[in-house]
Amino acid sequence: MKIKYYSKSIPGIAILPFLLLFLSSSCDTESRDIDTELADISSVEVSDFTEIENAEESIEEMTEGLSILMKSTNEKDLARDLTKDFKNRRIPDCADVSVETASNVTTLIIDFGDKCVTNKENVLSGKIIMTLKFNLQNGSLITSRTFENFYFNDKKMEGTVSKQLFGRSEGMNPYSTVSKDIQVTWKDDSYMTMTAEKKREWIEGNENMIWSNNVFLITGESSFQKKGGKSRSVLITKPLRREMSCKFIVSGTKNISSDKRDAVLDYGDGECDDLAYLTVGDTTTEIHIKRKKR
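Colleague: Summarise the overall build of the protein; cite the residues concerned and give the values.
Modeller: A tally of regular secondary structure across the protein gives two helices and 15 strands. Across the protein, contacts joining residues at least 24 apart in sequence account for 54% of those joining residues at least 6 apart. Accessible surface, the protein: about 13,600 Å² in total, of which carbon and sulfur atoms supply 46%.

Colleague: Pulling in residues and values, what's your account of the state of the cysteines?
Modeller: A complete count under the given rule lists two disulfides for this structure. The disulfide partner of Cys-94 is Cys-116, and the S-S distance across this bridge is 1.9 Å. Note on the Cys-94 and Cys-116 pair: the S-S dihedral is about 85 degrees, so by sign convention the disulfide is right-handed. Note that Cys-94 is positioned in the loop between α2 (75-88) and β2 (96-102) and Cys-116 in strand β4 (residues 116-117), a separation of 22 residues in sequence. Note on Cys-116: relative accessible area 0%, which makes it buried. Two residues, Cys-246 and Cys-272, share a disulfide whose sulfurs are 2.1 Å apart. Taking the sign of the S-S torsion, about 95 degrees here, the bridge from Cys-246 to Cys-272 comes out right-handed. Of this pair, Cys-246 sits in the loop between β11 (231-243) and β12 (249-257) while Cys-272 sits in the loop between β13 (262-269) and β14 (275-280); the two residues are 26 residues apart in sequence, bridging distant segments of the chain. Judged by its relative accessible area of 3%, Cys-246 is buried. Numbered in order of appearance, the disulfide-bonded cysteines of the protein are paired 1-2, 3-4.

Colleague: So what's going on with the nonpolar core? Residues and values would help.
Modeller: Ile-59, Phe-112, Ile-128, Phe-150, Met-157, Ile-256 and Leu-278 are the most contacted members of the largest nonpolar core, which totals 47 residues. Considering each element in turn, this core owes the most residues, six residues, to helix α1 (residues 43-63). Beyond its immediate sequence surroundings of up to four residues, Met-157 is in contact with Ala-55, Glu-56, Ile-59, Phe-147, Phe-150, Phe-152, Ile-182, Gln-183 and Val-184.

Colleague: Quick rundown of the pairing of β14? Include the residues and the values.
Modeller: With four bridges connecting them, β13 and β14 associate as antiparallel partners. Residue pairing across strands places Ala-263 opposite Val-280, the latter belonging to β14. Counting the residues in the hairpin turn of β13 and β14 gives five residues, including Gly-270, whose phi is positive at 115 degrees. For β14 and strand β15 (residues 283-288), the ladder comprises six bridges, and the chain directions are antiparallel. Bridge pairing links Ala-276 to Ile-287 in β15. Linking two consecutive strands that pair antiparallel, namely β14 and β15, is a turn of two residues; a positive phi of about 60 degrees is found at Gly-281 within it.

Colleague: Describe the environment of Ser-223, naming the residues involved and giving the relevant values.
Modeller: Residue placement: Ser-223 occurs in strand β10 (residues 215-226). Sequence separation between Ser-223 and Glu-197 is 26 residues; the distance between their C-alpha atoms is 9.4 Å. If we ignore the near neighbours within four places in the chain, the residues touching Ser-223 are Thr-193, Met-194, Thr-195, Arg-232 and Ser-233. Among the polar contacts made by the side chain of Ser-223, one reaches the side chain of Thr-195 at a distance of 2.7 Å.

Colleague: Could you give me a rundown of the packing of aromatic side chains, with the residues and numbers involved?
Modeller: Applying the stated rule across the entire model yields four aromatic pairs. Arranged with centres 5.8 Å apart and planes meeting at 55 degrees, the rings of Phe-112 and Phe-150 form a pair that is tilted. Pair noted here: Phe-112 is in the loop between β3 (105-111) and β4 and Phe-150 is in strand β6 (residues 140-152), with a separation of 38 residues, a long-range link. Given a relative accessible area of 2%, Phe-112 falls into the buried group. Exposure remark for Phe-150: the relative accessible area of 0% places this residue in the buried category. On the numbers, 4.9 Å between centres and 20 degrees between planes, the contact of Phe-166 with Tyr-175 is stacked. In terms of burial, Phe-166 and Tyr-175 fall into one category: buried. Put simply, the rings of Phe-112, Phe-147 and Phe-150 pair up and form one aromatic cluster. When the ring centre of Tyr-175 is taken as reference, the NZ or CZ atom of Lys-199 above it lies at 4.8 Å.

Colleague: Can you explain the side chain of Ser-125? Please cite residues and give values.
Modeller: Within the fold, Ser-125 resides in strand β5 (residues 123-135). Its relative accessible area of 13% is what places Ser-125 among the buried residues. Those residues in contact with Ser-125, other than ones at most four positions away along the chain, are Phe-112, Gly-113, Asp-114, Lys-115, Asn-149, Phe-150 and Tyr-151.

Colleague: I'd like a rundown of unusual backbone geometry, residues and numbers included.
Modeller: At Asn-149, a position not held by glycine, the phi torsion is positive, near 50 degrees. Looking at the element boundaries, Asn-149 is found in strand β6. Even without a glycine there, the phi angle at Asp-154 is positive, about 70 degrees. Position of Asp-154 among the secondary structure elements: in the loop between β6 and β7 (155-166).

Procedures and definitions
- Residues numbered from 1 in each chain as written.
- Predicted model: local features only at pLDDT ≥ 70, side-chain atom pairs only at ≥ 80, totals over all residues.
- Heavy atoms only, no water.
- Helix = DSSP H or I, 4+ residues; strand = E, 2+ residues; numbered from the N terminus.
- Contact = heavy atoms within 4.5 Å.
- Areas by Shrake-Rupley, 256 points an atom, 1.4 Å probe, with all protein chains shown as cover.
- Disulfide = S-S within 2.5 Å.
- Buried < 20%, exposed > 50% of the residue type's maximum accessible area, 1.4 Å probe, protein only.
- Core = buried A, V, L, I, M, F, W, Y, C linked by side-chain atoms within 4.5 Å.
- Pairing = 2+ DSSP bridges.
- Polar contact = N/O pair within 3.5 Å; in protein donor to acceptor, adjacent residues only side chain to side chain.
- Phe/Tyr/Trp six-rings, centres within 6.5 Å; stacked < 30°, edge-to-face > 60°.
- Lys NZ or Arg CZ within 6 Å of the ring centre and 35° of its normal.

Following this line, the structure appears as structure tokens:
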């Protein structure tokens, strides 16, 4: 991994004092229809929007660590700190990272080139562009993430993710609020859009630098709309538990609503496995969570 640093500001760098993290909820489901005439929510459809969430989860895992440790006062020390941070946050070695500062705004460009494979065997290409700005009024870090010709396992991703990240205050864990407006297009030109408003609370591991110890609880709601289709609303009814030692959500539930009926997606009782359970009406289907090929 190559790191390039540019400074357009007066000497020094705005301190970005957060150890942050937060990964949003997500997973992929194996495509299987629920055989009932009344059900207009199928596991195929659930597979589509959980595939989007799974891609976003993996991107969060890589990018959140880029908002920390930028406290060095010279280029050499900054590059060393960032290298340590990128390794800890699982940025693949095949990615080139550029850092540019202007006043109190930092821009990070992660360039995956034509093909870059992560340690979880996701194939990435194109660029992710992040801006970071420290808010002195409330002690938060405001970040924005966009994409430039970016593909995640042959799916094109477009849109914007905006966050406000808050450090620890008395009696509270670090947390972030996040807004997402994303479109994913598959190779067959089908696409789905997602909007979301979520909160991520960092409940374990926030006092050390060991990424695998981190645990997050995710709450909030989202909506999805397929090309030429109706929208679906998703509400997290029991906080989703995301453990960095596991590649899947280990527990929590979502309620999925359509104009005809609701469905429930249950991620289980805390075991690190690839199983979830989709219930529509009286029918429950066991779903294996994995990357879906299309």
